[in-house]
Amino acid sequence: VHLQASGGGLVRAGDSLRLSCKASGRTFSSYAVVWFRQAPGKEREYVAAISWDGGNAYYADSVKGRFTVSRDNAKNTVYLRMNSLKPEDTAVYLCGAAQTLGYKGGSYYPQNGFWGQGTQVTVSS
């Protein structure tokens, strides 16, 4: 599976953005997808995860209530809707996919999965 994240940009605090994670290759509909982000000088941080069918979605506490993950398997795309953006949301956002997700320390992660190139989100105060 090849993944490509897009939709990032420069916005002001309080604005919204919708990121997309477009997949090509294998049967994407059988893969769960995660979103992570990485700010300069910081470790990669879990943001959200969605099951293969979209029936279950999970969020980090830092984004719960502001971000919504969804998917359209007919379009091989997963979305991350980000509302009420804050300067601390500034980071490169990456998507990953796997048939099985692991869980540790409050974070879901792709087991033996794939990562795509990220998209930069910058939120000004």
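In the block above lies the structure referred to throughout.
Since this is a predicted model, take the numbers as computed values, not measurements.

Novice: Quick rundown of the overall build of the protein? Include the residues and the values.
Specialist: Each helix and strand counted, the protein has zero helices and 13 strands in total. Here the C-alpha radius of gyration of the protein, 13 Å, is about what a compact globule of 125 residues would show, namely 14 Å. Sequence separation of at least 24 residues holds for 56% of the intrachain contacts in the protein that already meet a minimum separation of 6. When the accessible surface of the protein is split by element, carbon and sulfur atoms take 45% of a total near 6,500 Å². Positive and negative charge centroids in the protein, built from 14 and 8 side chains respectively, lie 5 Å apart.

Novice: Hey, could you go over unusual backbone geometry for me, with residue numbers and the actual values?
Specialist: Positive phi outside glycine occurs at N76, with the angle close to 55 degrees. The topology assignment puts N76 in the loop between β7 (67–72) and β8 (77–82). By relative accessible area, N76 is classed as partly exposed at 22%. If you check the backbone angles, N112 has positive phi at about 50 degrees while not being a glycine. Structurally, N112 is set in the loop between β11 (107–110) and β12 (114–115).

Novice: Report on the sheet that holds strand β1 (residues 2–6), specifying residues and quantitative values.
Specialist: Strand order across the open sheet formed by four strands is β1-β3-β8-β7, with antiparallel pairing between neighbours. At either end of the open sheet lies a strand with only one pairing partner, and these are β1 and β7. This sheet shows a mean twist of 15 degrees between the axes of neighbouring strands, independent of strand direction. Inspection of the sheet shows β7 paired to β8 by six bridges, in the antiparallel sense. Across the sheet, residue R71 finds its bridge partner in β8, namely V78.

Novice: Go over the state of the cysteines, please, and point to the residues and values.
Specialist: Enumeration over the complete set of coordinates arrives at one disulfide. Shown here is the disulfide that connects C21 with C95, its sulfur atoms set 2.1 Å apart. Across the disulfide from C21 to C95, rotation about the S-S bond amounts to roughly 80 degrees, and the bridge is consequently right-handed. Remark: C95 occurs in strand β9 (residues 91–98) and C21 occurs in strand β3 (residues 17–24); sequence separation between them is 74 residues.

Novice: Help me get a handle on the pattern of salt bridges, residues and values and all.
Specialist: Within this structure, the stated rule accounts for four salt bridges. Put simply, K64 and D61 hold a salt bridge, and the shortest N to O gap is 3.2 Å. Across the salt bridge formed by D89 and R66, the nearest N and O atoms sit 2.8 Å from each other. On the criterion of sequence distance, the pair formed by D89 in the loop between β8 and β9 and R66 in the loop between β6 (57–59) and β7 is long-range, its members being 23 residues apart. Judged by relative accessible area, R66 falls into the buried class, the value being 10%. Each of R37, E45, R66 and D89 takes part in a single network of salt bridges with overlapping partners.

Conventions we followed
Residues numbered from 1 in each chain as written. Predicted model: local features only at pLDDT ≥ 70, side-chain atom pairs only at ≥ 80, totals over all residues. Heavy atoms only, no water. Helix = DSSP H or I, 4+ residues; strand = E, 2+ residues; numbered from the N terminus. Rg over C-alpha atoms; globule rule 2.2 N^0.38 Å. Contact = heavy atoms within 4.5 Å. Areas by Shrake-Rupley, 256 points an atom, 1.4 Å probe, with all protein chains shown as cover. Lys, Arg positive; Asp, Glu negative; His and termini not counted. Charge placed at Lys NZ, Arg CZ, Asp CG, Glu CD. Buried < 20%, exposed > 50% of the residue type's maximum accessible area, 1.4 Å probe, protein only. Pairing = 2+ DSSP bridges. Axes fitted to C-alpha atoms, helices over the stretch in contact; angles between N-to-C directions. Disulfide = S-S within 2.5 Å. Salt bridge = Lys/Arg side-chain N within 4 Å of Asp/Glu carboxyl O.

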